4 protein chains.
Amino acid sequence: MRKVCVVITARASYSRIKTVLTAINTHPDLELQLIVTGSILLEKYGSVINQIENDGFKVTASLYTIYEGNNPVVAVKTTASAMSELATWFDAIKPDVVVTIADRFETLATAVAASYMNIPLVHIQGGEITGNIDEKVRHSITKLADIHFVACENARTRVIRMGENSDNVYNTGCPSIDIAAGILKNQLPGFNPFRLYGGVGSVFNHRKPYIVVMQHPVTTEYGFAKEQIECTLNAIQILKIPTFWFWPNPDPGTNETAKGIRSFREINKTFPIRFFKNMESAHFLMLLKNASCLIGNSSVGIRECSFLGVPVVNIGSRQAGRDRASNVLDVDYDVAAITNAIAYQLAHGHYKPDFIYGNGDSGQKIAALLTTVPLCSHKTMTY
Amino acid sequence: MRKVCVVITARASYSRIKTVLTAINTHPDLELQLIVTGSILLEKYGSVINQIENDGFKVTASLYTIYEGNNPVVAVKTTASAMSELATWFDAIKPDVVVTIADRFETLATAVAASYMNIPLVHIQGGEITGNIDEKVRHSITKLADIHFVACENARTRVIRMGENSDNVYNTGCPSIDIAAGILKNQLPGFNPFRLYGGVGSVFNHRKPYIVVMQHPVTTEYGFAKEQIECTLNAIQILKIPTFWFWPNPDPGTNETAKGIRSFREINKTFPIRFFKNMESAHFLMLLKNASCLIGNSSVGIRECSFLGVPVVNIGSRQAGRDRASNVLDVDYDVAAITNAIAYQLAHGHYKPDFIYGNGDSGQKIAALLTTVPLCSHKTMTY
Amino acid sequence: MRKVCVVITARASYSRIKTVLTAINTHPDLELQLIVTGSILLEKYGSVINQIENDGFKVTASLYTIYEGNNPVVAVKTTASAMSELATWFDAIKPDVVVTIADRFETLATAVAASYMNIPLVHIQGGEITGNIDEKVRHSITKLADIHFVACENARTRVIRMGENSDNVYNTGCPSIDIAAGILKNQLPGFNPFRLYGGVGSVFNHRKPYIVVMQHPVTTEYGFAKEQIECTLNAIQILKIPTFWFWPNPDPGTNETAKGIRSFREINKTFPIRFFKNMESAHFLMLLKNASCLIGNSSVGIRECSFLGVPVVNIGSRQAGRDRASNVLDVDYDVAAITNAIAYQLAHGHYKPDFIYGNGDSGQKIAALLTTVPLCSHKTMTY
Amino acid sequence: MRKVCVVITARASYSRIKTVLTAINTHPDLELQLIVTGSILLEKYGSVINQIENDGFKVTASLYTIYEGNNPVVAVKTTASAMSELATWFDAIKPDVVVTIADRFETLATAVAASYMNIPLVHIQGGEITGNIDEKVRHSITKLADIHFVACENARTRVIRMGENSDNVYNTGCPSIDIAAGILKNQLPGFNPFRLYGGVGSVFNHRKPYIVVMQHPVTTEYGFAKEQIECTLNAIQILKIPTFWFWPNPDPGTNETAKGIRSFREINKTFPIRFFKNMESAHFLMLLKNASCLIGNSSVGIRECSFLGVPVVNIGSRQAGRDRASNVLDVDYDVAAITNAIAYQLAHGHYKPDFIYGNGDSGQKIAALLTTVPLCSHKTMTY
């Protein structure tokens, strides 16, 4: 029975990994050790820990690690703090394998702690290309990780080209697609976002066409976060289409993004826009599935929306380099360009599903591999 | 005038980088910001900080970061501690570029702090291959670094293959060769290691043939450190050749290594062996230059000795994968194999110089590049 | 020339200590080393660091130390983080004496770092009695401190009774009174809080009678913060008198307090209430000087208002045990009691000045003492 | 059933508290949560954790917290590190009451973490007087603690005079006496320290008269540690009486103390002196019981030896101010004074038992109180 320790540091990672957690939890040969940290614990970001426990997962350890300040200095300190605490806990619970997800800055803490402690490290979703600090973090984790569960073929090729042994690189698809696949089976007929989540702002008819906006600050451009969000807000204002808007991640720049949004609200009090902090992934994907278009820079546009066929207007550099299906239209921070792209997507309507990020069984695949892959914390370059 | 912040965490790194520091310090367009941490500050490891200040360098900040325990848990905590402190200091002194050296576990702290704070990061001596945790650390730093000053052509090729832009990868040679080159010019005729450094153990005639031993614990094999050192001790005992022996690095396993050495001493009180904690590099290289053979697993055998033509018996996996000249004979942890290899090298005598790690102007090259390379903290994979 | 290192961790401490800083800065025998940390650096709490620099003080070091979470766990971690960073900086700047102020939880970090490093420690404002965790912190600091600058005679008696040598306990008065004294001399005739600070909420005529509210969560009762603030809000609502309201400190419970305030605002959009994050102390005291009454639990009601003669309704336990003049009326968390007390104070009008906390030369006194008191970091109990 | 969390940071504290742990462990109404940290985990200090587990106690958490350096800077960092880790663990295991012991610098971490987290804090052995930094730490902890279990009447009086409510101050005696009392019942007839503990140095007949030395560096005088130990070594050398010598605590100065001892050994290779790192308390007390005299500055001389009637020569300031029985002779760091005092005690022989520190039931008393004392984490000064 292998003890699998999964470390989750943010709402988005939890949503993405959820079917993996379920598959581990129900697998007879695996024991789940779940460590939550980062914004998962903070009320300000929706106390995701409550959702995790309501979903039936037992939390092994909750670690407060985030420094206030929302700037690069505290990003380092937050990472260091997580690293130090994780070392203590890995030593206490002695996992057979540690799993880290994607590329948020603080996830490097998990990778360093596990690899320095000679615990085999699995990295989910390495090998992708984006346009910010995550880029450095992601590939740096690849070089610390022993086993790679990548989400698409290009990612697999890239991880191997970086010198990883191809025997240790598996294309499992992206587990976020699993939930999207679940949504197609269960359409949640009575789903009402206003009733379920409240939110702040105007009320409108969610059965009529609407768009969804999800735009995060870009770490390497965090001084421009306010201007960047204002482009999107202006485009929305011009198009006057009802909008569900999600609050940004707690990355450097998030305060500026929030300011831009607040100013807009003060001036446009009757605009049909509704703000949410977060939603359970199933509900969020349902909302997305029925949306006319997704606007912003979330990876959801690249991944889940390719499978769901939802039209996407992807703004700026945050997802640059990620493999994408034909549903995505890329634009720069420019009011006219954003407005035109949204108009084009509204006219086009939904796309056919594309399976580049998997077909919905990623969680099962990963759990199966976790029981069988040879575990080793020592590796050498292939060249 | 660029502010260049160099972070040094161990005696070996200081020795290696010294000519770079001098070249930065004397360059009219560069300002040196020197941060020392790790074992540099500890009396137990020879208070290298005193040597640094005696060498005329001004220390900007001294950071205590090492946790006691000598095991993988505290290796993580030490790294985290350095990371957090470095963030504060980078914020206070605002360097234009940060320089990190080689691949000790705690150097990742420098790389993370600089890259997360969007400060351009130079990595010296990436792209090499060895056989331990350093391997993961080194390549992980490569993926965080913006500019790479590598020590040999193979390293350059490897860094580029990992997806780094070739415009940012420079073969500067290894600055450790600079000091070796200096030694050839200045043979220190009256050099007497006993008089200069004292040391512990027997006294013998250093003008007659002797060997030098420098063997560190291997991080990924730290449970075997005692047995590994005993192989070498037994070989020495068989050959009965006078020996200068250097204490190991403070890596996990160092206590075991030290125990092995102490037991040997208790039993072989009259054996012609002399122990030193450390020496100034010039003195150390002089001692090496005149040695019949170097035994152990130090990178000095691979680098400086290739240039100096000193015969080397390299034991075990620590330097596995490093490019080497013909002066190096590789053996496993095996008393007979080690004994035979030493005998072979003693019979062979010195080798012709080989310039695979540079020809003595690496410090100058690096300082010159630091004034001219475009500085950027944002990069993308080349594939 | 003595190097005096003052550590400031929060807006309130800065306001209180400002005349001391000025007196140190202008004293020929003292050199000020100013370290700022805690909420001083955070935009969320008004980026007090900008105000400090605008006031002409040079900041020696800025240390990010606050963990997000607003609960007792992170209060410990924030304190630990400050402690560790301060040790590094005390070691770097080698102060002759360290000054810590009052009793916020994180100030214990300053006291521990200085005393453990054998640096003489001055504590300003020990010996007072209040009703929360500050109580433990304050007296604990007294037992670590070498020299005590207390604010009133009762405090002096109490510090001595705790076993401190009376030679090291000086009643300097409270430096916060210095600024209040300055206000009496310079009445700032054109002062307009709306124009100077913006704020949020309604606009009303600040030349007509108004009250000021400043109510912080009580650390030991932080689960009740929302109900506690609602009592005050209800009383204000009943009295309908124009109100200037200041946001609470970042103590555990502050989120609950903020929630209570936000709910009130959503329902009472036209109520004549104006919210401010903070003000320069001179402006704040001017606002207070002209107020009909101060409501809440701030120590300003006890100290500055005794000198200014401003009527105060002090709610709950936060100031329990502090020596007070006749201008203070104490009430419990009870809407009727609060309402009646405010009504009483409005009817009574201003009080005569009382000098229990000094008469305005505290900063000068402290600076003078700092040049002359014998410095020692070793003490013994008097019994 | 109350969950009692005891935090142990050093060998001496474990020895002292052992009967309390046993009494808690066997009490039906108490659940023991044992956290070990500091030097308990380090091989260098005898891996006391192994002894703890061999004694049948289950360790809840092991926390690495000690920074290398052995100086005041790292004393602060070690304390901060413990504080931060303890916060995480108190949050995880939610004790009803936390117990901290005595006054080593890092124990303040336990006190701060518990009190800031509103967990009732018991302090064992407050109210005593000594002459070093422990003095500040001890009384500072008293002001953070809610319940005080003191070891003698004078200590009780002192804690109450410091403003603690007498209802919360209990004279339980010192649990270290419990083990001494056990020794009187079980004289371990075949006890042979050489056979049981090995040690380093000469062998001599332990059934003939011998003395025991236990001398720690004094934190506030740590620059003088080498000279101080040399006084004692010289006196021993003059008297030529066989000596069992125990290594010092890991306090600042310990390296200097160790150096002094090593130099002595190199020069006096045949002197009848045997060095031990540590012993189980029962064995140590047996050795002490049969000793002609104890020399040094350990509190064992003041406490256990008063009960056992062993003559003591107490050197320097470390125990200054502690209540003592007639068996203790105080001297300064002076070779002649030490020599004379030892000669006097050897001539005098053993003393009659004195019960100022209790009569052997302290562990039982403390466990009984832990089940019944009202638990509260909120207190006010009595004056």
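Along each chain, residues carry numbers from 1 onward, in the same order as the chain's sequence is written. A letter from A marks each chain and a number from 1 marks each ligand, given out in the order of writing. Predicted model: local features are reported for residues with pLDDT of at least 70 only, side-chain atom pairs are reported and counted for 80 or more only, and whole-chain, interface and lining totals are derived from all residues. Each side-chain value is derived from all of the structure's non-hydrogen atoms; neither hydrogens nor water enter the calculation.

What to know about the overall build of chain A
What counts as a helix is a DSSP run of H or I of at least four residues, what counts as a strand is a run of E of at least two, and both are numbered from the N terminus. When helices and strands are tallied, chain A shows 15 helices and 14 strands. Here chain A has a C-alpha radius of gyration of 20 Å; the compact-globule value for 383 residues is 21 Å, and the two agree. Relative accessibility under 20% of the residue-type maximum defines a buried residue, over 50% an exposed one, and the middle range a partly exposed one, all with a 1.4 Å probe and only protein chains included. Here chain A holds 383 residues, and the buried ones make up 67% of them. Computed with the Shrake-Rupley method and a 1.4 Å probe, the accessible areas treat only the protein chains shown as cover for residues. A total accessible area of about 12,500 Å² is found for chain A, and carbon and sulfur atoms account for 51% of it. Across chain A, the centroid of the 36 positively charged side chains sits 5 Å from that of the 33 negatively charged ones. Based on C-alpha atoms, the radius of gyration is set beside the globule rule, defined as 2.2 Å times the residue count to the power 0.38. Think of it this way: Lys and Arg go in the positive column, Asp and Glu in the negative one, and His and the chain ends go nowhere. In this description, the location of a charge corresponds to atom NZ of lysine, CZ of arginine, CG of aspartate or CD of glutamate.

Thoughts on the pairing of strand β2 (residues 30–37) of chain D
All names here are of chain D. Most of β2 is tucked away, with seven of its eight residues classed as buried. Note that strand β1 (residues 2–8) and β2 share seven bridges and pair parallel. Looking at β2, one finds that Val7 is bridged to Ile35. With four bridges joining them, β2 and strand β3 (residues 59–63) adopt parallel strand pairing. Within β3, the position partnered with Val36 by the bridge is Ser62. Since β2 and β3 lie parallel, the crossover through helix α2 (residues 48–54) that links them has a hand, and here it is right-handed. The pairing criterion is simple: DSSP has to find at least two bridges between the two strands. Looking down the strands as they point away from the viewer, one classifies a crossover as right-handed if the path from the first strand across the helix to the second runs clockwise.

Quick notes on the environment of Asp334 of chain C
Among the secondary structure elements, Asp334 of chain C is positioned in the loop between β14 (328–331) and α14 (335–348). By relative accessible area, which is 36% here, Asp334 of chain C ends up partly exposed.

Points about helix α14 (residues 335–348) of chain D
All names here are of chain D. Take the number of residues in a helix, subtract one, and multiply by 1.5 Å to get its expected span. For α14, which comprises 14 residues, the first-to-last C-alpha distance of 20 Å matches the rise-based estimate of 20 Å (1.5 Å per residue) to within 8%. All of the buried residues along α14 are Ile338, Thr339, Ala341, Ile342 and Gln345. The arc that holds the buried residues of α14, viewed along the axis, is 165°, so those residues lie on one side. Turned more than 90 degrees away from the buried face of α14 sit Asn340 and Ala347, all of them exposed. Tucked into the core, α14 has its buried residues touching α9 (225–239), β12 (293–296), β13 (312–315) and β14 (328–331). Any pair of nitrogen or oxygen atoms within 3.5 Å is treated as a polar contact; in protein, a donor-acceptor pairing is required on top of that, and neighbouring residues in sequence qualify only through side-chain atoms on both sides. Regarding α14, its N-cap is Asp334, as a side-chain oxygen of that residue lies 3.1 Å from the backbone nitrogen of Ala336 further along. One or two positions beyond α14, positive phi appears at Gly349, with a value near 80°. Directions are taken from the helix axis to each C-beta atom, and the arc is the one they span. We call two residues in contact whenever any of their non-hydrogen atoms come within 4.5 Å of each other.

What about the relation of the copies chain A and chain C?
Least squares is the method for superposing the copies, and the C-alpha atoms it fits come from residues with pLDDT of at least 70 in both. With an axial shift of 0.0 Å and an RMSD of 0.0 Å, the rotation relating chain A to chain C amounts to 180°. Such a turn and shift between the copies fits a two-fold axis. Nearest to the rotation axis, the C-alpha of Tyr67 of chain A is located 2.1 Å from it, this being the minimum over chain A. Looking at chain A, 100% of its interface residues are interface residues in chain C too, so the copies touch through the same face.

So, the interface of chain A and chain C
With 18 residues of chain A in contact, the opposing surface of chain C contributes 19 residues. By buried area we mean the combined loss of accessible area, with a 1.4 Å probe, across both parts when two parts are placed together. Both faces considered, chain A and chain C share a buried interface measuring about 1,600 Å² in area, 45% of it formed by carbon and sulfur atoms. On the chain A side of the contact with chain C, Tyr64, Tyr67 and Glu68 of chain A bury the most area, a combined 44% of that side's loss. The working definition used for a salt bridge is a side-chain nitrogen of Lys or Arg within 4 Å of a carboxyl oxygen of Asp or Glu. The tally of links between chain A and chain C comes to six salt bridges.

Re unusual backbone geometry
The phi angle at Gln125 of chain A is positive, at roughly 75°, despite the residue not being glycine. A positive phi angle, near 45°, is found at Ser47 of chain D, a position not held by glycine. Mapping Ser47 of chain D onto the fold places it in the loop between β2 and α2.

A short note on the pairing of strand β4 (residues 97–101) of chain A
Residue and element names in this part refer to chain A. In terms of residue burial, β4 counts as a mostly covered element, since five of its five residues are buried. Strand direction decides the pairing type here: strand β1 (residues 2–8) and β4, joined by three bridges, are parallel. Opposite Cys5, over in β4, you have Val98 as the bridge partner. Pairing geometry for β4 and strand β5 (residues 121–124), over four bridges, is parallel. The residue of β5 that forms the bridge with Val99 is Val122. Tracing the backbone out of β4, into helix α4 (residues 107–116) and back to the parallel element β5 gives a crossover that is right-handed.

Considerations on the sheet that holds strand β13 (residues 312–315) of chain C
Residues and elements named next belong to chain C. The strand order across the open sheet formed by seven strands is β8-β11-β10-β9-β12-β13-β14, and the pairing between neighbours is mixed. Two strands in the sheet have a free side with no partner beyond their single neighbour: β8 (200–201) and β14. Note that strand β9 (residues 211–214) and strand β12 (residues 293–296) share four bridges and pair parallel. By the bridge assignment, Val212 is partnered in β12 with Leu294. The strands touched by helix α11 (residues 281–289) are β9, β10 (243–246) and β12; relative to β9, the strand with the most contacts, the crossing angle is about 130°. Only the stretch in contact is used when a helix axis is fitted, and all axes are lines through C-alpha atoms; the angle between N-to-C directions ranges over 0 to 180 degrees.

A few points about the side chain of Asn327 of chain D
All names here are of chain D. Tracing the sequence through the fold places Asn327 in the loop between β13 and β14. A polar contact of 2.9 Å, which involves the side chain of Asn327, links it to the backbone oxygen of Val310. Excluding anything up to four places from it in sequence, Asn327 contacts Gly301, Cys305, Ser306, Val310, Pro311, Val312, Gln345 and Tyr351.

Some points on the confidence of the model for chain A
Note on scores: pLDDT gives the predictor's confidence for each residue, bounded by 0 and 100. Across chain A, the average pLDDT comes to 94, with 99% of residues at 70 or higher. Here the prediction assigns the complex a pTM of 0.88, and the interface score ipTM is 0.86.

Thoughts on the sheet that holds strand β12 (residues 293–296) of chain B
All names here are of chain B. If you trace the seven strands from one edge of the open sheet to the other, you get β8-β11-β10-β9-β12-β13-β14, paired in mixed fashion. Where the open sheet ends on each side, the last strands, each with one partner, are β8 (200–201) and β14 (328–331). In this structure, strand β9 (residues 211–214) lies alongside strand β10 (residues 243–246), joined through four bridges in parallel fashion. Across the sheet, the residue bridging to Ile211 is Thr243, located in β10. Each of β9, β10 and β12 touches helix α11 (residues 281–289); the most contacted strand, β9, lies at about 130° to it. Here helix α14 (residues 335–348) sits on the sheet in contact with β9, β12, β13 (312–315) and β14, set at roughly 170° to β14.

A word on the interface of chain B and chain A
Contact with chain B, which involves 45 residues of that partner, is made by 46 residues of chain A. Carbon and sulfur atoms supply 68% of the area that chain B and chain A bury against each other, a total of about 4,000 Å² over both sides. Among the residues chain B hides against chain A, the three largest losses belong to Tyr116, Lys136 and Tyr383 of chain B. Together they make up 22% of the total. Summed over the shared surface of chain B and chain A, the number is two salt bridges. For Lys136 of chain A, the salt bridge goes to Asp146 of chain B, with nearest N and O atoms at 2.8 Å. Across the contact surface, chain B and chain A share 17 residue pairs in polar contact (both at pLDDT 80 or more). At the level of secondary structure, the elements contributing two or more residues to the side of chain B that touches chain A comprise α3 (72–93), α4 (107–116), α5 (133–144) and α6 (153–161) of chain B. For the side of chain B that touches chain A, the element with the highest residue contribution is α3 of chain B, accounting for twelve residues. Residues are grouped as follows: Ala, Val, Leu, Ile, Met, Phe, Trp, Tyr, Cys and Pro are nonpolar; Asp, Glu, Lys and Arg are charged; every other residue, Gly included, is polar. In terms of residue class, the side of chain B that touches chain A is built from 21 nonpolar, 15 polar and nine charged.

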